[in-house]
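Observations on the model geometry
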Amino acid sequence: MRIRLIAVGQKMPSWVVEGYNEYARRLPANFSLELHEISLGKRTRGADIARMQRNEGAQMLSAIDPRDKVIAMEVNGKSCSSETLADQLGGWHDLGENVSLLVGGVEGMLPEVSARADLRWSLSSLTLPHPMVRILIAEQLYRAWSILNNHPYHR
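If you're wondering where the values come from, they're calculated on a predicted model, not measured in any experiment.

1. Some remarks on the overall build of the protein
Looking only at helices and strands, one finds 5 helices and 5 strands in the protein. Counting from the amino terminus, the protein carries its helices and strands in the arrangement β-α-β-α-β-α-β-α-β-α. Compactness check: the protein gives a C-alpha radius of gyration of 15 Å against a globular reference of 15 Å for 155 residues, within 12% of the reference. The 155 residues of the protein split such that 43% are buried. Summarising the internal contacts of the protein: among those between residues at least 6 apart in sequence, 84% fall at separations of at least 24.

2. Quick word on the sheet that holds strand β5 (residues 119-121)
Each strand in a sheet pairs with its neighbour through backbone hydrogen bonds, running either in the same direction (parallel) or in the opposite one (antiparallel). Read from one edge of the open sheet, 5 strands run β2-β1-β4-β3-β5, paired in parallel fashion. Each of the sheet's edge strands pairs with one partner strand only, and the pair in question is β2 (32-38) and β5. Neighbouring strand axes in the sheet, compared pairwise and without regard to direction, differ in orientation by 30° on average. As paired elements, strand β3 (residues 69-78) and β5 share 4 bridges and run parallel to each other. From the neighbouring strand, Ala-72 faces β5, where its bridge partner is Arg-120.

3. A word on the nonpolar core
Side chains of a nonpolar character, in soluble globular proteins, are inclined to be buried together. Judged by nonpolar contacts, the single largest core of 30 residues is most densely connected at Ile-3, Leu-33, Leu-89, Leu-101, Ile-137 and Leu-141. Of all elements in the fold, only β1 (2-8), α1 (14-26), β3, α3 (82-94), β4 (99-103) and α5 (130-148) reach the threshold of two or more residues within this core. The residues touching Ile-137, leaving out its near neighbours within four places in the chain, are Leu-5, Met-73, Leu-101, Val-103 and Leu-123. Grouped together as the second largest cluster of nonpolar side chains are 13 residues, Val-8, Ala-63, Ile-64 and Val-70 included.

4. Side note on the packing of α1 against α5
Running from N to C, α1 and α5 cross one another at 15°; their axes reach a closest spacing of 8 Å. Classified by the interaxial angle, the pair formed by α1 and α5 is roughly parallel. Crossing of α1 over α5 shows left-handed handedness. Contact residues: Trp-15, Val-16, Gly-19, Tyr-20, Tyr-23 and Arg-26 in α1; Pro-131, Met-132, Arg-134, Ile-135, Ala-138, Glu-139 and Tyr-142 in α5. Tallied by class, residues from the contact of α1 with α5 come to 9 nonpolar, 1 polar and 3 charged.

5. Describing the pairing of β4
The side chains of a regular strand alternate between the sheet's two faces. Summarising burial for β4: 5 of the 5 residues are buried, a large majority. Every second residue of β4 is oriented toward a common face, with Val-99, Leu-101 and Val-103 on one face and Ser-100 and Leu-102 on the other, all of them buried. Note on the crossover from β3 through α3 to β4: the handedness is right-handed.

6. What about a nonpolar patch on the surface?
A contiguous nonpolar patch, built from Trp-15, Leu-123, Met-132 and Leu-136 and spanning about 340 Å² of accessible area, is present on the exposed surface. By the element assignment, Trp-15 lies in helix α1.

7. Comments concerning the side chain of Ser-100
Position of Ser-100 among the secondary structure elements: in strand β4. In this structure Ser-100 comes out as buried when scored by relative accessible area, which is 0%. Among the polar contacts listed, one links the side chain of Ser-100 to the side chain of Asp-68, at a separation of 2.7 Å. Once residues lying within four places of it in the same chain are set aside, the contact partners of Ser-100 are Arg-4, Ile-6, Ile-64, Asp-65, Asp-68, Lys-69, Val-70 and Ile-71.

About the thresholds
- Residues numbered from 1 in each chain as written.
- Predicted model: local features only at pLDDT ≥ 70, side-chain atom pairs only at ≥ 80, totals over all residues.
- Heavy atoms only, no water.
- Helix = DSSP H or I, 4+ residues; strand = E, 2+ residues; numbered from the N terminus.
- Rg over C-alpha atoms; globule rule 2.2 N^0.38 Å.
- Buried < 20%, exposed > 50% of the residue type's maximum accessible area, 1.4 Å probe, protein only.
- Contact = heavy atoms within 4.5 Å.
- Pairing = 2+ DSSP bridges.
- Axes fitted to C-alpha atoms, helices over the stretch in contact; angles between N-to-C directions.
- Core = buried A, V, L, I, M, F, W, Y, C linked by side-chain atoms within 4.5 Å.
- Parallel < 35°, antiparallel > 145°, perpendicular 65-115°, else oblique.
- Left-handed = near helix turned anticlockwise from the far one by under 90°.
- Nonpolar A, V, L, I, M, F, W, Y, C, P; charged D, E, K, R; others polar.
- Right-handed = clockwise from strand over helix to strand, strands pointing away.
- Patch = residues over 30% accessible without salt bridge, like charges linked within 9 Å, V, L, I, M, F, W, Y side chains within 5 Å.
- Areas by Shrake-Rupley, 256 points an atom, 1.4 Å probe, with all protein chains shown as cover.
- Salt bridge = Lys/Arg side-chain N within 4 Å of Asp/Glu carboxyl O.
- Polar contact = N/O pair within 3.5 Å; in protein donor to acceptor, adjacent residues only side chain to side chain.

Spelled out as structure tokens, the structure:
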């Protein structure tokens, strides 16, 4: 199973890179986690934000493998427990499905990108910093793997 985290934004602070990499490297090859970063247009005064958002959305859509199960991380998405996530991932793994997880930019996700998703998940009703979302997703994927494999991490 390949899980791709497709996220808007590049050049993250070192603590984000280290946190994400820590959990991504813990996952075994049959649950590999790959990060695909989408370039975030420079937000300056007078910048055409709508055009930048359309460009980011187009890049996200082109990064998705057409055969992947697609999950959009959205504020109004469905929340789930770590156990539920583990059950879903385990099922997809058993079926040989790959997954693309989408994290939009600061203005949110374009409706066209959201429409491509099979599922919409929310990590929290709190507003989270976009860089931290990468770490949370990687950690929850590792936790889900640990639940599926009876690993002591989740206990």
